[in-house]
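# Close look at the chain arrangement
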Amino acid sequence: MRKNIVAGNWKMNLTLPEAKDLVEGIKNQLSNNTDGGTEVILIPPFPFLTEIKNQVVDSAISVGAQNCSMYKSGAYTGEVAANMLASVNTDYALVGHSERREYFNEINQVLAEKVNRLLENNIKVIYCCGESLEERKEDKHFNVVETQVELGLFHLSADEVKNVVVAYEPVWAIGTGETASPEQAQEMHAHIRRVLAAYYGDDVAEEISILYGGSVKPANAQELFQQTDIDGGLIGGASLKAEDFVSIINAF
Ligand code: PEP
């Protein structure tokens with residue numbers, strides 16, 4: 001059966017000492033509370049990956065990158081290749097976060113290449129999708145998300161797509177304090193699972209974890225996670241405080 005997952009996307013926040021303190025806090029509080037049934041993923045900025053991986057090596061916590069290059073190697077100054085991430089034992093990488101789509105013009109076709117580079121290097125993918133407020137108001141949200149999933153993922157075989165986690169993050173709910181209601185989120189998650197099932201079959205779709213992201217907090221996590229098709233969360237702001245992050249993990 002599919003896994004419950006809580007992933008913390010730190011974005012461009014924290015210095016290394018602050019990051020290490022945060023991880024220490026998460027590890028301490030997790031060892032007191034959790035039953036270990038939920039996979040926890042920390043997603044720090046690139047320069048901290050090795051250090052954070054070493055810090056969690058004695059725990060069940062996984063580590064992810066926030067991005068990777070669509071290119072394999074070569075003269076691409078400032079880019080980070082998937083094989084570099086693999087060489088520092090990165091478990092996961094985000095692809096297509098709405099901030100990358102919006103500020104760095106990452107289109108679905110580029111994201112499909114990034115997915116390929118990661119899977120070639122045995123790094124699992126957290127593929128982000130989600131509609132803008134305008135698209136929701138125009139009632140285009142189901143189509144927009146469906147297209148993002150199709151163009152980013154449907155070139156993969158059924159075996160390959162099992163290494164992908166989907167994160168539904170409505171753009172209007174990210175960092176805004178505005179959360180999709182549990183019903184709105186469930187409706188979209190069920191739609192994504194139907195789209196996956198129509199292409200890959202029910203068995204594969206049932207195995208793929210679909211996370212919700214967008215202003216998840218200790219106060220709303222439980223209601224969201226109780227929904228049938230919500231298998232966890234991709235957490236931004238609240239992942240920067242150990243207490244809040246652990247309380248979200250324990251909301252299952
Ligand atoms: C995110 O960046 O993936 C996110 C969901 O951010 P926040 O939780 O701050 O809305």
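Higher on the page you've got the structure.
We now turn to the structure provided with this report. These numbers come from a predicted model, not from an experiment.

Below, the discussion takes up helix H2 (residues 49-56). Regarding H2, the residues found buried are Leu 49, Ile 52, Lys 53, Gln 55 and Val 56. Take H2 and look down its axis: the buried residues cluster within an arc of 160°, on one side only.

Around the ligand sit 14 residues in total, of which Lys 11, Glu 169, Gly 175, Ser 215 and Gly 237 are the nearest. Between the ligand and the protein, one listed contact pairs an oxygen atom with a backbone N or O atom of Gly 236 at 2.9 Å. Relative to its unbound accessible area of 290 Å², the ligand is 95% covered by the protein chains. When grouped by side-chain class, the residues that make up the shell around the ligand number four nonpolar, eight polar and two charged.

Now for the pairing of strand E6 (residues 164-168). Burial analysis of E6 places five of its five residues in the buried class, the great majority of the element. On E6, burial covers both faces: Val 164, Val 166 and Tyr 168 on one face and Val 165 and Ala 167 on the other are all buried. Examined bridge by bridge, strand E5 (residues 124-129) and E6 share five bridges and lie parallel to one another. Its bridge partner lying in E6, Tyr 127 is registered against Val 166. Pairing geometry for E6 and strand E7 (residues 210-213), over three bridges, is parallel. Opposite Tyr 168, over in E7, you have Tyr 212 as the bridge partner.

Before going further, it helps to examine the state of the cysteines. Within the structure shown, the criterion is met by zero disulfides. Unpaired in terms of disulfides, Cys 128 finds its nearest cysteine sulfur in Cys 129, a separation of 7.5 Å.

Moving on, we get to the environment of Val 149. Of note, Val 149 is situated in helix H7 (residues 141-153). Judged by its relative accessible area of 1%, Val 149 falls in the buried class. Distance in space between the C-alpha atoms of Val 149 and Tyr 212 is 15 Å, their sequence separation being 63 residues.

Cut-offs applied
- Residues numbered from 1 in each chain as written.
- Predicted model: local features only at pLDDT ≥ 70, side-chain atom pairs only at ≥ 80, totals over all residues.
- Heavy atoms only, no water.
- Buried < 20%, exposed > 50% of the residue type's maximum accessible area, 1.4 Å probe, protein only.
- Helix = DSSP H or I, 4+ residues; strand = E, 2+ residues; numbered from the N terminus.
- Arc of directions from axis to C-beta.
- Near = heavy atom within 4 Å.
- Polar contact = N/O pair within 3.5 Å; in protein donor to acceptor, adjacent residues only side chain to side chain.
- Areas by Shrake-Rupley, 256 points an atom, 1.4 Å probe, with all protein chains shown as cover.
- Nonpolar A, V, L, I, M, F, W, Y, C, P; charged D, E, K, R; others polar.
- Pairing = 2+ DSSP bridges.
- Disulfide = S-S within 2.5 Å.

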